[in-house]
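Examining the three-dimensional arrangement
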Amino acid sequence: MKRLKYVLALILCLGLLGGLGYTAVNGLGADKSGSLSSIDLGLDLAGGVSITYEVVGDENPSKEDMSDTIFKLQQRVQQYSTEALVYQEGSNRINIEIPGVSDANKILEDLGQPGNLYFIAQTDASGADNYTYHSGINEDGTLETDEDGNFIYGWQLNKTIEELQADGSIVLGGNDVEVAQAVYQQDSYGAQEPVVSLEFTEDGAKAFADATTKAFAASESIGIYYDGKFISVPNVQAAITDGKAVITGMESFEAADNLASMIRIGGLKLQLNELRSNVVGAQLGSDAIRTSLIAAAVGFALIAIFMIVFFRILGLSATLALAFYSGLIVFLLSAFDMTLTLPGIAGIILSIGMAVDANVLVFSRIKEEIRSGKAVDEARKNGYNKALSSILDGNITTLIVAAVLWFLGTGSIKGFAETLILGIILSMFTALVVTRTITSILYGIGLQSPVLYGKAKEAPKVDFVGKRKIFYGISCAIIIAGFVVMGVNSGAGKGAFNYSLDFVGGTSTTVTFDRTYELSELEQTVANDIKSAAGINEILIQTVSGTNQVIFKTTTLSVDQREAVEKVLEDNYGVASDNIAAETISGVISSEMRSSAVEALVIALILMLIYIWIRFKDIKFGAAAIIALAHDALIVIVSYAFTRLAVGNTFIAVVLTIIGYSINDTIVTFDRIRENQHLATGKKEMAELVNTSVSQTVTRSLFTSLTTFFTVLALYVFGVADIKAFALPLMVGVISGTYSSIFVASPLWYDLKTGFKTFFGKKTAE
């Protein structure tokens with residue numbers, strides 16, 4: 001009877017897994033929600049809406065004003081997607097590209113006319129109303145309309161903007177607002193209410209103090225007017241002289257966030273008018289998604305085979321749990337409307353590696369327990385209990401990085417952090433709950449022989465501490481060689497790195513052909529001809545929906561290169577010169593985005609150091625971990641110098657992925673040192689402690705790295721060119737992370753612990 005209960009539980013688990021698989025493929029309902037096809041994809045994988053704005057009035061705005069406007073627009077459009085791109089085109093135009101949407105008119109309606117915000121006093125100097133409230137109904141019960149027959153409702157201006165400016169009724173402009181954000185504050189009843197918090201510039205603060213003093217004395221309001229309508233008309237409840245204000249009465253936090261967002265975009269230094277809007281195609285080519293799915297399937301199959309061969313029944317449990325993970329990640333990406341791009345895929349790859357890593361940790365512990373003579377049931381329980389601290393520490397340190405990147409990062413960095421956070425939480429759930437449940441079920445139906453679980457072999461002891469100078473030397477040699485290559489390339493005028501369009505911008509060439517081309521055809525013909533004519537290696541292609549237009553984005557082209565491109569288009573494809581327009585574009589990774597990424601990473605490392613210090617009660621563990629992370633980041637960075645791979649958006653994702661992967665790997669080894677630390681007192685015993693602990697965990701480190709490597713290798717083998725360029729440095733990072741966890745981090749902790757005394761040749765104390 002008891003076995004029947006477990007059989008029914010197994011059938012239920014397989015049924016749930018089948019349901020998840022069905023949902024991932026076919027979805028739920030008419031909109032196929034929860035399916036792979038319902039996930040929002042980024043510009044690189046699926047395209048979206050492209051909008052071009054032009055600065056009103058000034059044909060040559062300053063670099064500072066353009067940079068500030070681009071940064072504020074980036075913050076505004078993130079409400080549609082964290083993967084939205086904003087960059088400069090020519091001297092006075094700004095492009096916005098938003099993935100996952102196809103209705104340009106809806107976006108334009110939401111954005112309004114950027115840089116067109118006013119704070120208006122309720123009355124002018126003579127006491128006449130500048131605006132009044134209309135109920136929409138006349139005294140006789142008829143609808144209230146204007147001269148053109150349009151329905152009138154809500155707050156309406158009684159004068160034109162020009163008249164208000166002339167009589168001094170506009171007390172502030174949008175550019176007087178320095179900060180606008182939605183926050184919670186405590187109301188008079190002690191409850192939390194959503195409000196819009198405003199901070200003004202120095203000049204704005206003075207003007208606002210005068211305006212609120214006057215309005216408060218007269219019990220009046222100050223209207224906030226944007227894009228032809230009032231977006232808020234708050235009553236002034238006090239004279240505000242400190243340059244900070246809040247707008248209360250918000251229906252919800254979302255309403256406060258929307259109002260704050262409109263105030264930010266209305267506060268641009270430059271006023272913008274829409275020039276054109278288009279729906280554009282994917283940047284990575286037609287085969288990117290198909291080949292990525294093939295790679296995912298192959299990677300999953302390789303992991304499954306590997307786990308079952310080495311861990312038997314336990315490996316089967318992990319494979320089923322990983323299938324649960326795959327179905328859940330698809331469902332939740334769709335449910336939370338997350339936008340998936342290449343950096344997002346990197347976050348998922350990392351979380352898959354961590355999910356497998358948690359299983360390997362537990363299974364290795366179970367096999368050790370069986371080797372020590374424990375019964376299988378006791379070994380299972382002990383294995384989970386002993387591995388729990390390692391799993392939690394490894395995942396929490398990576399989660400710290402992801403959380404800080406999400407709070408402080410922007411653009412693709414935020415998107416990477418979102419998918420990583422989701423992946424980490426899911427990986428812990430599947431490893432600690434799903435795998436454990438399936439293992440218990442399989443044990444309950446009668447699969448109880450120790451042969452089915454395996455027995456750990458005694459780990460051969462390696463003198464990692466004694467050979468550490470060799471390991472340090474190898475790392476230093478690679479990093480120094482990388483810096484030498486960077487110097488040589490820079491001296492030769494090629495630049496230390498091969499920066500892509502994302503970082504340095506380039507040339508956008510819009511071509512109107514005499515017919516419609518498929519993306520695959522463009523990749524095989526036109527793109528290759530342009531590369532050959534201009535002598536370049538990188539090109540991004542975007543088709544414009546509903547037209548024969550195609551946008552080719554390349555590195556910056558000289559006049560001669562542009563002429564060569566025009567000639568090949570005219571000669572080979574019959575395109576007249578009038579149908580070819582080239583413009584210089586800026587990079588999509590702004591200086592603000594780069595500085596926010598660095599700031600977020602520094603804060604994350606500090607928090608990680610503090611966490612490791614608290615958990616391990618020894619700051620030297622944290623210091624060794626941070627140095628090992630720097631080692632891995634440098635190895636990945638110099639790999640870009642060696643290979644001349646393009647340094648772009650995915651470069652940041654790769655470096656962040658390896659940092660998250662490496663810290664998880666290192667923490668597991670440190671956890672074993674902490675567990676064994678009571679055995680060591682003198683320096684000689686300390687060296688023995690490190691050698692024993694690393695030897696005990698080296699198999700687990702290699703197994704975890706192999707499973708992660710399988711996934712990335714499949715991407716490299718089956719992916720399109722851009723995905724190969726993304727997967728290659730990831731593979732380098734996985735190898736480097738494994739190397740540092742085994743050969744660098746723990747010996748480095750030993751040197752920090754002993755004050756480097758034995759490193760410089762002094763005899764080890766007994």
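In case you missed it, the structure is sitting above this.
All of the points below concern the structure found in this document. If you're wondering where the values come from, they're calculated on a predicted model, not measured in any experiment.

1. A word on the overall build of the protein chain
Helix and strand counts for the protein chain come out as 21 helices and 21 strands. The C-alpha atoms of the protein chain give 30 Å as radius of gyration, which agrees with the globular expectation for 766 residues (27 Å, within 12%). Each of the three principal axes of the protein chain carries a C-alpha extent, and together these read 95 × 75 × 65 Å. Taken over 766 residues, the protein chain has a buried fraction of 52%. Sequence-distant contacts, at least 24 apart, represent 76% of the contacts inside the protein chain between residues at least 6 apart.

2. A look at the layout of surface pockets
A volume near 1,500 Å³ is recorded for the largest pocket. What lines the largest pocket is a set of 45 residues, among which Q75, Q78, D257, R264 and K414 lie closest to the centre. Counting only elements with at least two residues in the lining of the largest pocket, the list comes to α2 (63-77), β9 (177-186), α6 (253-266), α10 (376-408), α11 (411-444) and α17 (591-616). With 7 residues, α6 is the single largest residue contributor to the lining of the largest pocket. Partitioning the lining of the largest pocket into residue classes produces 15 nonpolar, 17 polar and 13 charged.

3. Re the sheet that holds strand β10 (residues 192-200)
If you walk across this open sheet you meet the 3 strands as β9-β10-β13, and the pairing is antiparallel. Of all strands in the sheet, those bounded by a partner on one side alone are β9 and β13 (244-247). Neighbour to neighbour, the strand axes of the sheet diverge by 30° on average, direction disregarded. With 4 bridges connecting them, β10 and β13 associate as antiparallel partners. The residue of β13 that forms the bridge with S197 is V246. Contacts between α6 and the sheet are confined to β9, β10 and β13, with β9 contributing the most and set at about 170° to the helix.

4. Some details on the packing of aromatic side chains
Counted under the stated rule, the structure contains 28 aromatic pairs. Where Y739 meets F743, the ring centres are 5.1 Å apart and the plane angle is 45°; that geometry is what we call tilted. Here F743 and Y739 lie together in helix α21 (residues 721-753), a separation of 4 residues that amounts to about one turn. Judged by relative accessible area, F743 falls into the partly exposed class, the value being 23%. The ring of Y6 is capped by K5, whose NZ or CZ atom sits 5.4 Å from the centre of that ring. The side chain of R515 reaches across the aromatic face of Y517, ending 3.8 Å from its centre.

5. Let's talk about the packing of helix α12 (residues 468-491) against α21
For the pair α12 and α21, the least separation of the axes is 10 Å and the interaxial angle reads 120°. Considering their axes alone, α12 and α21 lie oblique with respect to each other. Relative to α21, the crossing made by α12 is left-handed. For the pair formed by α12 and α21, the contact residues are R468, F471, Y472, I474 and S475 on the first element and Y739, F743, V744, P747, L748, Y750 and D751 on the second. Its residues assigned to classes, the contact of α12 with α21 shows 9 nonpolar, 1 polar and 2 charged.

6. Some points on the side chain of N489
Checked against the element boundaries, N489 lands in helix α12. Relative accessible area serves as the criterion here: at 8%, N489 is assigned to the buried category. Among residues more than four places away in sequence, those in contact with N489 are K494, G495, A496, A641 and R644.

7. A word on the sheet that holds strand β5 (residues 117-121)
Across the sheet, which stays open at both edges, the 4 strands sit in the order β8-β5-β11-β12 with antiparallel pairing between neighbours. Of all the strands in the sheet, just β8 (170-173) and β12 (229-232) have a single pairing partner and so form its edges. Neighbour-to-neighbour, the strand axes of this sheet turn through a mean angle of 35°, independent of strand direction. Strand direction decides the pairing type here: strand β11 (residues 222-226) and β12, joined by 3 bridges, are antiparallel.

8. Section: the side chain of T212
In this structure, T212 sits in helix α5 (residues 202-217). Polar contacts involving the side chain of T212 include one to the main-chain carbonyl oxygen of A209, which spans 3.2 Å. Within the structure, the side chain of T212 is placed 3.0 Å from the backbone nitrogen of I240, a separation counted as a polar contact.

9. Thoughts on unusual backbone geometry
Although it is not a glycine, R312 adopts a positive phi angle of roughly 60°. Relative to the helices and strands, R312 resides in the loop between α7 (288-311) and α8 (313-335). For R312, a relative accessible area of 40% translates into the label partly exposed. Despite not being glycine, K617 has its phi angle at roughly 55°, a positive value.

10. What about the pattern of salt bridges?
Considering all chains together, one arrives at 22 salt bridges under this definition. Between E89 and R93 there is a salt bridge, and its shortest N-O distance comes to 3.2 Å. Each member of the pair, E89 as well as R93, is classed as buried. With a closest N to O distance of 2.7 Å, E521 and R515 form a salt bridge. Several salt bridges converge on common partners, so that one network encompasses E54, E89, R93 and E583.

11. Here's the deal with helix α19 (residues 649-676)
For α19, built from 28 residues, the straight-helix expectation of 40 Å at 1.5 Å per residue is met to within 8% by its first-to-last C-alpha distance of 42 Å. Of all 28 residues in α19, 26 are buried, a share of seventy percent or more.

12. Describing α7
End to end, α7 covers 34 Å across 24 residues, agreeing with the expected 34 Å (1.5 Å per residue, within 8%). Listed in full, the buried residues belonging to α7 are A288, T291, S292, A295, G299, I303, A304, F306, M307 and F311. Where α7 ends, the next residue or the one after it, R312, has phi of about 60°, a positive value.

13. A short note on the pairing of strand β3 (residues 85-89)
Most of β3 is tucked away, with 4 of its 5 residues classed as buried. Relative to strand β4 (residues 93-99), β3 is paired through 5 bridges, and the arrangement is antiparallel. Each residue of the ladder has a partner; that of Y87, found in β4, is N95. Hairpin connection between β3 and β4: a loop of 3 residues separates the two successive antiparallel strands, and G90 in this loop has a positive phi of roughly 65°.

14. Thoughts on the pairing of strand β17 (residues 506-512)
Looking along a regular strand, one sees side chains alternate from face to face of the sheet. Counting buried residues in β17 gives 5 out of 7 residues, a clear majority hidden from the surface. As paired elements, β17 and strand β20 (residues 580-585) share 6 bridges and run antiparallel to each other. When the bridges of β20 are listed, S508 appears paired with E583. Where β17 and strand β19 (residues 549-554) come together, 6 bridges link them in antiparallel fashion. Within β19, the residue paired with S508 across the bridge is K553.

15. A closer look at a nonpolar patch on the surface
On the surface, a nonpolar cluster with roughly 880 Å² of combined accessible area is contributed by W406, F407, L408, V598, V602, I603, I606, L607, I610 and I614. At the level of elements, α10 and α17 are the ones that each hand at least two residues to the nonpolar patch. Sort the elements by how many residues they give to the nonpolar patch and α17 lands first, with 7 residues. Tracing the backbone shows I610 in helix α17.

Scoring rules and cut-offs
In this numbering scheme, every chain counts its residues from 1 along its sequence in written order. For this predicted model, a pLDDT threshold of at least 70 governs which residues receive local features, and a threshold of 80 or more governs which side-chain atom pairs are given and counted, while totals over whole chains, interfaces and linings are taken from all residues. Where side-chain values are given, they derive from all heavy atoms of the structure, hydrogens and water being excluded. Under the DSSP-based scheme used, a helix requires at least four consecutive residues in state H or I and a strand at least two consecutive residues in state E, with every element numbered from the N terminus. The size measure is the radius of gyration over C-alpha atoms, and the globule rule it meets is 2.2 Å times the number of residues to the 0.38 power. Relative accessibility decides the category of a residue: with a 1.4 Å probe and only protein chains considered, values under 20% of the type maximum give buried, values over 50% give exposed, and everything between is partly exposed. Whether two residues touch is decided by their heavy atoms; if any such pair falls within 4.5 Å, the residues are in contact. Both cavities and pockets are sets of points on a 1 Å grid over the protein atoms alone; in a cavity a 1.4 Å probe fits but cannot get out, in a pocket the set is open with protein on both sides within 12 Å along at least five of seven lines, and lining residues sit with an atom within 4 Å of a point. Grid points are joined across faces, edges and corners, and a volume is the space filled by probe spheres set on the points. Each residue gets one label: Ala, Val, Leu, Ile, Met, Phe, Trp, Tyr, Cys and Pro are nonpolar, Asp, Glu, Lys and Arg are charged, and the others, such as Gly, are polar. Pairing between strands requires that DSSP locate at least two bridges from one strand to the other. Helix axes are fitted only over the stretch in contact, all axes being lines through C-alpha atoms; the angle between N-to-C directions runs from 0 to 180 degrees. Aromatic contacts are taken between Phe, Tyr and Trp rings whose centres are within 6.5 Å, Trp giving its six-membered ring; a plane angle under 30 degrees counts as stacked, one over 60 as edge-to-face, and the others as tilted. Any Lys NZ or Arg CZ found within 6 Å of a ring centre and within 35 degrees of that ring's normal is scored as a charge over the ring. Roughly parallel refers to an angle under 35 degrees, roughly antiparallel to one over 145, roughly perpendicular to one between 65 and 115, and oblique to any angle outside these ranges. Should the near helix be turned anticlockwise from the far one by less than a right angle, the crossing is termed left-handed; should it be turned clockwise, right-handed. Two N or O atoms count as a polar contact when they lie within 3.5 Å, although within protein this holds only if one can serve as hydrogen donor and the other as acceptor, and sequence-adjacent residues are included solely when both atoms are side-chain atoms. Each reported salt bridge corresponds to a side-chain nitrogen of Lys or Arg within 4 Å of a carboxyl oxygen of Asp or Glu. In this scheme, a helix's expected span is set at 1.5 Å multiplied by one less than its residue total. A residue counts toward a patch only above 30% relative accessible area and without a salt bridge, and it is joined to like-charged neighbours within 9 Å or, for Val, Leu, Ile, Met, Phe, Trp and Tyr, to nonpolar neighbours within 5 Å. What sets the accessible areas is the Shrake-Rupley method with a 1.4 Å probe; for residues, cover comes only from the shown protein chains.

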